[in-house]
Amino acid sequence: QVQLVESGGGLVQPGGSLRLSCAVSGNINNLLVMNWYRQAPGKQRELVASITRGGSTNYAESVKGRFTISRDNFKDTAYLQMNSLKPEDTAVYYCNAQDFFEYRDSREGSWGQGTQVTVSS
C-alpha cells in the first residue's frame, strides 16, 4: 500500500471553488485507479469521482459538470477541482488508490486521512 495525503479543503461560500490535492508517497503510475470519496455527517461514504491510469474518468451524477478529477503522473499527485460548490457538497473528502491487484480483487486499497470541505455562507 501507499501513503496518501490530502490537502486543499476549507470553508467556501456557495458558488465558490476549491481544488483538493492527493499526494502519493510512491509512484502514481503503479496505481491503476485514483478515487475521491466523501462522507457527510450521518451519511454513508460515497464515490465522487474516479480516474484510471490511462485517464478515463467517472463521476457521481450529483457532481457531473461541476467537479473535475485529474492526475499528474510526474508530480505523483491527484486532484479534484470543485466548482459551483453547493452546501450539500459539505463533507470530509477522502483520497483512495487501488493498484491493479486491489482493483481486480475488489479490495479497498489505500486511504488518505481526509480533508474537510464546508460550503456555507
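Remember, it's a predicted structure, so these values are computed and weren't measured experimentally. (Residues numbered from 1 in each chain as written. Predicted model: local features only at pLDDT ≥ 70, side-chain atom pairs only at ≥ 80, totals over all residues. Heavy atoms only, no water.)

A.B. asks: Describe the overall build of the protein chain, naming the residues involved and giving the relevant values.
C.D. replies: A tally of helices and strands in the protein chain yields one helix and eleven strands. Helices (α) and strands (β) of the protein chain occur, in sequence order from the N terminus, as β-β-β-β-β-β-β-β-β-α-β-β. The C-alpha radius of gyration of the protein chain comes to 14 Å, within 12% of the 14 Å expected for a compact globule of 121 residues. Here the C-alpha coordinates of the protein chain stretch approximately 40 × 30 × 25 Å along the principal axes. (Helix = DSSP H or I, 4+ residues; strand = E, 2+ residues; numbered from the N terminus. Rg over C-alpha atoms; globule rule 2.2 N^0.38 Å.)

A.B. asks: Any chance you could break down the nonpolar core for me, citing the residues and the numbers?
C.D. replies: What tends to happen in soluble globular proteins is that the nonpolar side chains get buried as a cluster. With 29 residues, the main nonpolar core has M34, W36, F67, L80, M82 and Y93 as its most contacted residues. Within the residue set of this core, elements represented by two or more residues are β3 (18-24), β4 (33-39), β5 (46-52), β7 (67-72), β8 (77-82), β9 (91-98) and β11 (115-119). Sequence-distant contacts of M34, that is, excluding residues within four places in its chain, are made with C22, V24, I28, A49, S50, I51, I69, R71, A78, C95, N96 and A97. (Core = buried A, V, L, I, M, F, W, Y, C linked by side-chain atoms within 4.5 Å. Buried < 20%, exposed > 50% of the residue type's maximum accessible area, 1.4 Å probe, protein only. Contact = heavy atoms within 4.5 Å.)

A.B. asks: How would you summarise unusual backbone geometry if you had to cite specific residues and measurements?
C.D. replies: In this structure, D76 is a non-glycine residue whose phi angle is positive, near 55°. Its location among the elements puts D76 in the loop between β7 and β8. The phi angle at S84 is positive, at roughly 50°, despite the residue not being glycine. When you line up the elements, S84 lands in the loop between β8 and β9.

A.B. asks: Give me the state of the cysteines: which residues, what numbers.
C.D. replies: Taken as a whole, this structure holds one disulfide when the rule is applied. One disulfide bridge connects C22 with C95, the sulfur atoms lying 2.0 Å from each other. Here the disulfide of C22 and C95 is left-handed, its torsion about the S-S bond being about -80°. Residue C22 is found in strand β3, and its partner C95 is found in strand β9; the two are separated by 73 residues along the sequence. (Disulfide = S-S within 2.5 Å.)

A.B. asks: I'd like a description of the sheet that holds strand β1 (residues 4-7), backed by residues and values.
C.D. replies: Think of a sheet as strands paired side by side through backbone hydrogen bonds, with each pair either parallel or antiparallel. Spatially, the four strands line up as an open sheet ordered β1-β3-β8-β7, and their pairing is antiparallel. Looking at the sheet topology across the chains shown, the edges are occupied by β1 and β7. Neighbour to neighbour, the strand axes of the sheet diverge by 15° on average, direction disregarded. Taken together, the four bridges between β1 and β3 define a ladder with antiparallel strand orientation. Bridge pairing in β3 links L4 to V24. (Pairing = 2+ DSSP bridges. Axes fitted to C-alpha atoms, helices over the stretch in contact; angles between N-to-C directions.)

A.B. asks: Would you mind going over the packing of aromatic side chains in detail, with residue names and values included?
C.D. replies: Remark: the centre distance and the inter-plane angle together describe each pair of aromatic rings, the angle taken between the planes. Going through the model one piece at a time under the given rule, you end up with three aromatic pairs. On the numbers, 5.0 Å between centres and 55° between planes, the contact of Y37 with W111 is tilted. Taken together, the residues Y37 in strand β4 and W111 in strand β10 (residues 110-111) connect sequence positions 74 residues apart. Accessibility expressed as a relative area gives 25% for W111, which makes it partly exposed. Taken together, the aromatic side chains of Y37, Y94 and W111 make up a single cluster linked through ring pairs. Sitting over the face of the ring of Y94, R45 holds its NZ or CZ atom 4.0 Å from the ring centroid. Between R45 and the ring centre of W111, over which it is positioned, the NZ or CZ distance is 4.5 Å. (Phe/Tyr/Trp six-rings, centres within 6.5 Å; stacked < 30°, edge-to-face > 60°. Lys NZ or Arg CZ within 6 Å of the ring centre and 35° of its normal.)

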